[in-house]
Amino acid sequence: MSDRPPTNVMRRVWIAQCLCPARHAIAATAGEAASEAEAVGAVERPLRIEVEAMLRAGTIDPWCDICRAPRALWAFELGRTKFTTMAEARPALERSADEQALTRAVLGGSQGRA
Ligand SMILES: [Zn+2]
């Protein structure tokens, strides 16, 4: 990415996902952060809290809807996207019909890179 002026702090859109062992997305959220440490607090932590709240409220089942993996096996994963702002990322996020597609759309370009 050389089409942007350099900045001291490189803010990026980060995506946090709650995944079963087969990588089916239980829940996902996105937000801007300048570092992985910031993203853990700003994006991953709220998702963990939200998943707990949804489980308590019965909004989601304590197993994967697709493969039935129980919640004890779920993992949280944090990924940096190529987008710098939520405004930039939103069209890609909204185009995605489900969170699997969202993940591919947003993270697809970065996972294969060294
Ligand atoms: Zn699953």
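This text follows the structure it describes.
Bear in mind that the values here come from a model prediction, so they are computed numbers and not experimental data.

Criteria and thresholds
Residues numbered from 1 in each chain as written. Predicted model: local features only at pLDDT ≥ 70, side-chain atom pairs only at ≥ 80, totals over all residues. Helix = DSSP H or I, 4+ residues; strand = E, 2+ residues; numbered from the N terminus. Contact = placed C-beta atoms within 7 Å. Expected span 1.5 Å × (residues − 1). Bend = angle between axes of the 7 residues up to and from the residue. Buried ≥ 20, exposed ≤ 12 C-beta atoms within 10 Å, placed from the backbone. Pairing = 2+ DSSP bridges. Axes fitted to C-alpha atoms, helices over the stretch in contact; angles between N-to-C directions. Core = buried A, V, L, I, M, F, W, Y, C linked by C-beta atoms within 7 Å.

Asker: Any chance you could break down the overall build of the protein for me, citing the residues and the numbers?
Answerer: In terms of helices and strands, the protein carries 3 helices and 3 strands. When the helices and strands of the protein are read in sequence order from the N terminus, they spell out β-β-α-β-α-α. The contacts of the protein with a sequence gap of at least 6 include a subset with a gap of at least 24, amounting to 62%.

Asker: Please provide a residue-by-residue account of helix α1 (residues 36-57), values included.
Answerer: At 3.6 residues per turn, the α-helix brings residues three or four places apart onto the same side. Compared with an ideal rise of 1.5 Å per residue, which puts 22 residues at 32 Å, α1 spans 30 Å between its outermost C-alpha atoms and is within 8% of the ideal. Maximum bend of α1: about 35°, positioned at Glu44, with proline Pro46 one to four residues after it. Within the sequence span of α1, burial applies to Ala39, Val43, Glu44, Leu47 and Val51. Close packing links the buried residues of α1 with β1 (12-19), β2 (25-33) and β3 (75-80).

Asker: Give a description of the environment of Ala69 that names residues and reports values.
Answerer: When you line up the elements, Ala69 lands in the loop between α1 and β3. Ala69 sits 49 residues away from Cys20 along the chain, and the two C-alpha atoms are 6.3 Å apart. If we ignore the near neighbours within four places in the chain, the residues touching Ala69 are Cys20, Pro21, Ala22, Trp63 and Cys64.

Asker: I'd like a rundown of the sheet that holds β2, residues and numbers included.
Answerer: With respect to topology, 3 strands assemble into an open sheet ordered β2-β1-β3, the strand pairing being antiparallel. Every other strand in the sheet has two partners, leaving β2 and β3 as the edge strands with one partner each. Taken pair by pair, the neighbouring strands of this sheet meet at an average axis angle of 20°, ignoring direction. Pairing geometry for β1 and β2, over 8 bridges, is antiparallel. Counted as the bridge partner of Gln17 is Ala28 from β2. Each of β1, β2 and β3 touches α1; the most contacted strand, β2, lies at about 145° to it. Contacts from helix α2 (residues 86-95) reach β1 and β2, with the element oriented near 155° to β2.

Asker: Summarise the nonpolar core; cite the residues concerned and give the values.
Answerer: Counting 18 residues, the largest nonpolar core has Trp14, Ala16, Ile26, Ala30 and Val43 as its most contacted members. Per element, the largest residue contribution to this core is 6 residues, and it comes from β1.

Asker: Provide a residue-level description of unusual backbone geometry, including the pertinent values.
Answerer: Apart from glycine, the bulk of residues carry a negative phi angle, and the bulk of peptide bonds sit in the trans form. The phi torsion at Arg23 lies on the positive side, around 65°, for a residue other than glycine. Position of Arg23 relative to the elements: it lies in the loop between β1 and β2. Residue Arg23 is classed as partly exposed on the basis of its C-beta count, with 13 C-beta atoms lying within 10 Å. Positive phi values are uncommon outside glycine, yet Arg68 reaches one of about 70°. Inspection of the secondary structure puts Arg68 in the loop between α1 and β3. Classification of Arg68 as exposed rests on a count of 10 C-beta atoms within 10 Å.

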